[in-house]
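# Inside the fold
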Amino acid sequence: MNRAPAAPRGYVFDNDSPHSARHHASLEEALDPLTLGHLREAGAAPGMRCLEIGAGAGSVARGLLRLVSPGGTVTATDVKPGRITPEPGLTVLAHDVVTDPLPGGGYDVVVARLVLQHLPERQAVLRRLADALAPGGLLQVDEFDAGHEPCLLAPSEDDARLYARFTDAKAALMRASGGDPTWGRRAAAALRDAGLTDLRIRPHVLLRAPGTPALGLQLHHLAQLAPRLLDTGFTRAELDRLDALMRDPGFAAATGVLYSVQGRRPAAPPSTPPTTQDSTEAT
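Residues numbered from 1 in each chain as written. Predicted model: local features only at pLDDT ≥ 70, side-chain atom pairs only at ≥ 80, totals over all residues. Heavy atoms only, no water.

### A closer look at the overall build of the protein chain
Along its length, the protein chain carries seven helices and 10 strands. Residues counted as buried form 49% of the 283 residues belonging to the protein chain. Considering only contacts within the protein chain whose residues lie at least 6 apart along the sequence, 79% involve residues at least 24 apart. Carbon and sulfur atoms provide 54% of the accessible area of the protein chain, an area that totals close to 13,300 Å². (Helix = DSSP H or I, 4+ residues; strand = E, 2+ residues; numbered from the N terminus. Buried < 20%, exposed > 50% of the residue type's maximum accessible area, 1.4 Å probe, protein only. Contact = heavy atoms within 4.5 Å. Areas by Shrake-Rupley, 256 points an atom, 1.4 Å probe, with all protein chains shown as cover.)

### Quick word on the pairing of strand E10 (residues 257–264)
Here strand E5 (residues 133–145) runs beside E10; their pairing, made up of eight bridges, is antiparallel. Bridge pairing links phenylalanine 144 to leucine 258 in E10. Here strand E7 (residues 197–204) pairs with E10 via six bridges, running antiparallel. By the bridge assignment, isoleucine 201 is partnered in E10 with valine 261. (Pairing = 2+ DSSP bridges.)

### Some thoughts on a nonpolar patch on the surface
A cluster of nonpolar side chains, contributed by Leu152, Leu153 and Leu207, occupies part of the molecular surface with about 290 Å² of accessible area. Locating leucine 152 in the fold gives a position in strand E6 (residues 151–153). Look at leucine 152 and you get partly exposed, because its relative accessible area is 48%. (Patch = residues over 30% accessible without salt bridge, like charges linked within 9 Å, V, L, I, M, F, W, Y side chains within 5 Å. Salt bridge = Lys/Arg side-chain N within 4 Å of Asp/Glu carboxyl O.)

### Examining the packing of aromatic side chains
Inspection of the entire model under this criterion finds two aromatic pairs. Ring plane angle 65° and centroid distance 5.1 Å describe the contact between tyrosine 163 and phenylalanine 251, whose orientation is recorded as edge-to-face. With tyrosine 163 in helix H4 (residues 157–176) and phenylalanine 251 in the loop between helix H7 (236–247) and strand E9 (252–254), the pair connects residues that are 88 residues apart, well separated along the chain. Of the two residues, tyrosine 163 and phenylalanine 251, neither departs from the other in class, the shared state being buried. These aromatic residues form a ring-pair network of at least three members: Tyr163, Phe166 and Phe251. We note arginine 49 situated over the ring of tyrosine 107; from NZ or CZ to the ring centre the distance is 4.3 Å. The ring of phenylalanine 234 is capped by arginine 165, whose NZ or CZ atom sits 4.1 Å from the centre of that ring. (Phe/Tyr/Trp six-rings, centres within 6.5 Å; stacked < 30°, edge-to-face > 60°. Lys NZ or Arg CZ within 6 Å of the ring centre and 35° of its normal.)

### So, the sheet that holds strand E8 (residues 207–208)
What holds strands together in a sheet is hydrogen bonding between their backbones, with the strands either parallel or antiparallel. Strand order in the open sheet made by the three strands is E6-E9-E8, with antiparallel pairing throughout. Looking at which strands have only one partner, the edges of the open sheet turn out to be E6 and E8. In terms of strand pairing, E8 meets E9 through two bridges, oriented antiparallel. Opposite arginine 208, over in E9, you have alanine 253 as the bridge partner.

### Points about the packing of H4 against helix H6 (residues 213–231)
Interhelical geometry of H4 versus H6 gives an angle of 70° and a closest axis separation of 11 Å. Between H4 and H6, the interaxial angle falls into the category roughly perpendicular. Counted together, Tyr163, Phe166, Thr167, Ala169, Lys170 and Leu173 of H4 and Gln218, His221, Leu222, Leu225, Arg228 and Leu229 of H6 form the full contact between these two elements. (Axes fitted to C-alpha atoms, helices over the stretch in contact; angles between N-to-C directions. Parallel < 35°, antiparallel > 145°, perpendicular 65-115°, else oblique.)

### A word on the sheet that holds strand E3 (residues 90–94)
The sheet built from seven strands is open, its strands ordered E3-E2-E1-E4-E5-E10-E7 with mixed pairing. The open sheet is flanked by E3 and E7, the only strands paired with a single partner. When the angles between neighbouring strand axes are averaged without regard to direction, this sheet yields 15°. Along the sheet face, helix H2 (residues 59–68) touches strand E1 (49–53), strand E2 (73–78), E3 and strand E4 (107–113) and points at about 170° away from the line of E2. In the packing of helix H3 (residues 122–131) onto the sheet, contacts are made with E1, E4 and E5, and the angle to E5 comes to roughly 145°.

Listed below in structure tokens is the structure:
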């Protein structure tokens, strides 16, 4: 069995990769309607103060700003935020959510999409995000469970097996970087354990077929990971075949389950007025 080589801790897909722009464009097209739709349904509204960690190229932060304007603000953070352009109401910060203090607190909305499963310290980070909410504030975490990404159609059984090797190797590379590719299935319990209530869980499975943004995302994963896949035992011919296979009209696969989970920080209990002594005397 091929083993993934040890890798530095952190996100397995580098924001500075030459493939990153198209990677983020595929993420935006595939997932933004879900992420932003759930935030809208949860009541993201004008005047709210918001935070997104691991903002990538900033599409969620910009969409969230539209939901909370006028009067609202969004702070978008990333270790490498150079792909995000600040604008009125949108503050962009270089920030490592594991080691750096959060930029303030009292947020009405906090969003983390496809971030926490890459961090070994995910539960500690999640607790800090929960603590950064205002009473009644919303935390939304969107994470894949990539433990099962089945090939649904392929020109041959050999092609189907090659695709399965690729998805297994991608998950192994993520683990080697300190991530957990199946963490999405545990996200709801993690929010509960961080003290959040009113949990809402929405699972989604997307189709990977030629022309779909979910397949575009997988193609960019293949391109970004190619050098490391060669180190795990793939040949250049196999990687070329994978690229051609995923573009074949006879190919289809499913993503893992994307779990979009929301929880709220409990509202502060109403203050109880001090008890006063009844000075009325009985007659």
